[in-house]
There are 2 protein chains.
Amino acid sequence: MKILLKARFDGKNYCGWQVQKNGSSIQGQINKAAAEIYNTEIKVTGCSRTDSGVHALEYCFTIEPPENAPKIPFENLPSALNIKLNDDISVFEAKEVPDSFHARYSVKSKTYEYLIDNGFYKNPFMLNRAWHLKKHLDENIMEAAAKEFMGKYDFSAFMASGSDVSDTVRTVTNTEVLRKGDTVIFRVSADGFLYNMVRIMTGTLTEVSYGKISPEKIKEIILSGDRKKAGLTAPAYGLYLKNVLY
Amino acid sequence: MKILLKARFDGKNYCGWQVQKNGSSIQGQINKAAAEIYNTEIKVTGCSRTDSGVHALEYCFTIEPPENAPKIPFENLPSALNIKLNDDISVFEAKEVPDSFHARYSVKSKTYEYLIDNGFYKNPFMLNRAWHLKKHLDENIMEAAAKEFMGKYDFSAFMASGSDVSDTVRTVTNTEVLRKGDTVIFRVSADGFLYNMVRIMTGTLTEVSYGKISPEKIKEIILSGDRKKAGLTAPAYGLYLKNVLY
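Reading guide: rules and limits
- Residues numbered from 1 in each chain as written.
- Chains lettered and ligands numbered in written order.
- Predicted model: local features only at pLDDT ≥ 70, side-chain atom pairs only at ≥ 80, totals over all residues.
- Heavy atoms only, no water.
- Helix = DSSP H or I, 4+ residues; strand = E, 2+ residues; numbered from the N terminus.
- Buried < 20%, exposed > 50% of the residue type's maximum accessible area, 1.4 Å probe, protein only.
- Contact = heavy atoms within 4.5 Å.
- Domains from an automatic or database assignment.
- Buried area = accessible area lost by both parts, 1.4 Å probe.
- Salt bridge = Lys/Arg side-chain N within 4 Å of Asp/Glu carboxyl O.
- Polar contact = N/O pair within 3.5 Å; in protein donor to acceptor, adjacent residues only side chain to side chain.

Peer 1: Explain the environment of Ala-190 of chain B residue by residue, including any values.
Peer 2: Residue and element names in this part refer to chain B. Structurally, the position occupied by Ala-190 is in strand β9 (residues 183–190). Looking at Ala-190, the relative accessible area reads 0%, which means it is buried. Counting along the chain gives 82 residues from Ala-190 to Lys-108, while the straight-line C-alpha distance between them is 8.4 Å. Residues in contact with Ala-190, not counting those within four places in the same chain, are Lys-108, Ser-109, Lys-110, Thr-171, Val-172 and Thr-173.

Here it is, written out as structure tokens:
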């Protein structure tokens, strides 16, 4: 049996989803909680890696309890897992999926959200949850520039080194930049993302607003495939995996 | 010279505003920061005590640098203090006030906000910032009951013991209960509040929604002056001082 679960997590205290030698990971916490409730090792598969400090509003993962494991009705799984998990991880949905379903390879689209705390004075409630930039950002200029990301491109210019993917073509299906009070939000949906892609896009958009990169240059930067032409990498703690479509 | 400052703070790591023998206080942090930038002890006066763990969106306090202290333009004070303060306290406004102004006694009205995380599963982003109640609350019933708090009454029934105030009459000028997604918000304005008053009001409103206290009983509870007739005290970490009017 394969069960698809959804979780929210505050990534502050974790080295990301993926189990790492050093540091506590979300997957490590889920592995442990699942093993405790089933009293045996459970295969856990996530929808994507996330960087250290990155948050999720709706992270999807599957668990595969073996045939001989205790039968737990899947609707009881979120509460059963939450009792074992730290309070900064919360499982909120569970459903059975066919064996052919794969948490990572079956993904059709993912949406990320990046939050910028754009008040002149740092908001203590956004600490570790948004990138503080005190200089005013123009969300309309950013929105116009963000539209240039839409389409099917080789996004190598928006990929950090250290990744081993061979196919760097992705299709960005939607982008949006809006302001809610002092918070500027960048949302982007695509069939997949390269390493640090949203964080480099965010950094680039802020440089467009600050006049360091002209909005007409975005397409040129994409087509150059040159990471050095894009903007800085925004910090991990402002990034949220917003949802995943299968 | 007397300067009125406004600050936001996440109260999680503090024993409240007031300096205490044990534990770190917001006032203690401000005292220390002000003394460092003026290079002398500075008198700091807050608009109210707050309980351990309580937050503020707009806490007001004055500082009184002595005549011989270095002259710092008041508009530079928020940044100067913020550099010295922890990131969970943020000063965001400063203005000169007459010597006759008193941060506490000049208050005309204060508004508090209480946040309840009313999703079935705990929201990790509301940890230490909202009271989690998984059983659904009816914000309309709570709103109707909250309106009963409005007016000038002896609110002894909504005061925790351990307070030494002699006058327990307060005038509640506005109340409001609303829902934003899974968050239920209770707002209350008054000319002043008794010890734990908002937290007991909140607890009482939840018991009204859960059918333990009938909404028509609110007035009766107020008039009884009997703390035992009111509901439970909601935890401190859901409470926010929203603003202060002078």
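Peer 1: Tell me about the environment of Lys-152 of chain A, and please be specific about residues and values.
Peer 2: Residues and elements named next belong to chain A. On the secondary structure map, Lys-152 appears in strand β7 (residues 151–154). Taking the relative accessible area as the measure of exposure, Lys-152 reaches 62% and is therefore exposed. C-alpha of Lys-152 to C-alpha of Thr-171: the two residues are 19 residues apart in sequence and 4.1 Å apart in space. Leaving out residues up to four positions away in the same chain, Lys-152 has contacts with Val-169, Arg-170 and Thr-171.

Peer 1: A description of the domain arrangement of chain A should follow, citing residues and the corresponding values.
Peer 2: Residues and elements named next belong to chain A. By the assigned domains, chain A splits into domain 1 (2–97) and domain 2 (109–245). Each of domain 1 and domain 2 has a C-alpha centre, and these two points are 28 Å apart. Listed by partner, the interface residues are 15 residues for domain 1 and 16 residues for domain 2. Surface buried jointly by domain 1 and domain 2 totals about 1200 Å² across both partners, of which 56% is contributed by carbon and sulfur atoms. If you sort the residues of domain 1 by the area they bury against domain 2, Asp-51, His-55 and Leu-57 come out on top, with a joint share of 43%. For the pair domain 1 and domain 2, the number of links is two salt bridges. Across the pair Arg-199 and Asp-51 runs a salt bridge whose closest N-O atoms are separated by 2.7 Å. The tally of links between domain 1 and domain 2 comes to eight residue pairs in polar contact (both at pLDDT 80 or more).

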